[in-house]
Amino acid sequence: MLIIGLTGSIATGKSTVSALLSSPPYSLPIIDADLLARQVVEPGTPAYKAIVNYFGPSTPDLLLPSSENGSTGSQRPLNRPALGRRVFGTSEERKRDRMILNKIVHPAVRWEIYKALMYYYVRGHWAVVLDVPLLFESGMDLICGTVVVVGVRDPAVQMARLRARDPHLSAEDAENRVRSQGMCVGRVGEGVIVWNDGDKADLEREVCKAMETIKASSPKWWAWVLLLAPPLGVGIAAWNLAVNFATQKSWQKKEREEKAKL
C-alpha cells in the first residue's frame with residue numbers, strides 16, 4: 001500500500017486538497033492527523049491530563065468556561081485559541097512550550113495513525129493519504145512512499161486566507177502561526193508540489209497532475225503485488241524507510257550548514 005504524505009504550511013489549502021483526494025475519481029482514504037490530534041486530547045485522555053498539568057498553572061484560560069460546553073471541573077475541553085497563543089511564535093519560550101506540547105501529543109497521534117494504516121492495508125487499499133501539517137518536523141515522512149506538498153507562492157495570499165478562516169486571530173497571531181510552521185516546499189525531495197495561488201479549478205488541475213505523476217511511479221497493480229506477497233512488501237517498505245532516512249539526514253545536514261553561515 002502506497003502511503004501518500006500530504007502536508008503544507010497553514011492556510012495553503014491542504015484541507016481542500018485532502019477533500020479532493022477523498023472524493024471521486026480518487027476516493028482515497030484519509031488519515032487526518034489534525035482530527036486525531038483533537039481526539040487524543042479530549043477530556044480524560046492521558047494527553048489531556050499532561051497538557052493541563054503542564055500548561056494549566058501558567059495559563060488561566062487553558063480550559064473553556066463551564067457555561068460554554070456544559071461540562072465542569074477537570075472535564076472542561078481545552079481552549080484551543082488560548083493554547084495556540086501560548087505555543088505559536090518565534091521566541092525561545094514559545095518554541096520550548098511548542099516542543100513540550102508536541103512531545104505530549106505526537107506519540108498518541110502516531111499510535112492512532114499506525115492503527116489506521118494497518119486497517120486500510122488489510123482492506124486492500126492501493127494507497128492512503130496521510131494528512132499531517134508538520135509531516136517533516138514530526139518525522140512521519142519516513143514511512144511515506146511519496147509526499148505531496150501544498151504551497152502558496154505569495155505570502156500575502158496565505159495570510160489573507162488564514163485571517164478569513166480564523167477571524168479571531170490578530171495580525172500578529174496570524175503571522176506567528178505562519179512563521180511557526182515555516183515552509184516545507186524545499187523538502188519535497190522526490191515528491192510533488194501542488195501550488196494553490198489560484199481558484200479551485202486551478203487547484204483541481206494541480207491535484208490531477210500530481211496524481212498522474214504518483215500513479216505512473218506506483219501503479220495499482222504494484223500495490224496488489226505487495227499485498228499478495230508480504231515478504232516482498234516488507235522488503236520494499238524497509239528499503240523505502242532507509243532511503244527516506246538518508247534523505248532526512250542529508251536535509252538536516254544542509255540546514256545546519258546554512259544556519260552556520262548566518
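Scroll up a little and you will see the structure.
Residues numbered from 1 in each chain as written. Predicted model: local features only at pLDDT ≥ 70, side-chain atom pairs only at ≥ 80, totals over all residues. Heavy atoms only, no water.

A. Representation of the packing of aromatic side chains within the structure. All told, the structure shown has two aromatic pairs when counted by the stated rule. Judged by centre distance (4.7 Å) and plane angle (85 degrees), the rings of Y54 and F55 are edge-to-face. Ring centres of Y119 and Y120 lie 5.2 Å apart, and the angle between their planes is 70 degrees; on these two criteria the pair is classed as edge-to-face. Owing to a relative accessible area of 18%, Y120 belongs among the buried residues under this scheme. (Phe/Tyr/Trp six-rings, centres within 6.5 Å; stacked < 30°, edge-to-face > 60°. Buried < 20%, exposed > 50% of the residue type's maximum accessible area, 1.4 Å probe, protein only.)

B. Here's a closer look at unusual backbone geometry. A cis amide bond links P24 to the next residue, P25, at an omega of 10 degrees. When you line up the elements, P25 lands in the loop between α1 (14-22) and β2 (30-32). The phi dihedral of A11 is positive, around 65 degrees, even though this residue is not glycine. Despite not being glycine, S27 has its phi angle at roughly 50 degrees, a positive value. Its place among the elements puts S27 in the loop between α1 and β2. (Helix = DSSP H or I, 4+ residues; strand = E, 2+ residues; numbered from the N terminus.)

C. Representation of the pairing of strand β3 (residues 127-131) within the structure. Buried residues dominate β3, accounting for five of its five residues. Covered by surrounding structure in β3 are A127, V129 and D131 together with V128 and L130, the residues of both alternating faces. Pairing analysis gives five bridges linking strand β1 (residues 2-8) to β3, with the strands arranged parallel. The residue bridging L2 from the neighbouring strand is A127, located in β3. In the sheet, β2 pairs with β3 via three bridges, with the strands oriented parallel. In the strand pairing of β3, I31 is matched with L130. (Pairing = 2+ DSSP bridges.)

D. The arrangement of the environment of G13 in detail. With respect to the helices and strands, G13 occurs in the loop between β1 and α1. Between the alpha carbons of G13 and V152 there is a distance of 8.6 Å; along the sequence they are 139 residues apart.

E. Geometry of the pattern of salt bridges. Within the structure shown, the criterion is met by ten salt bridges. Between D97 and R86 there is a salt bridge whose closest N-O contact spans 2.8 Å. Taken as a pair, D97 in helix α6 (residues 92-122) and R86 in helix α5 (residues 80-87) lie far apart in primary sequence, eleven residues in all. The salt bridge partner of D166 is R165, with a shortest N-O separation of 3.1 Å. According to the relative accessible area criterion, D166 is buried, its value standing at 15%. Here R165 falls in the partly exposed class, since its relative accessible area comes to 48%. Salt bridges linked by common partners bring R86, R96 and D97 together as one network. (Salt bridge = Lys/Arg side-chain N within 4 Å of Asp/Glu carboxyl O.)

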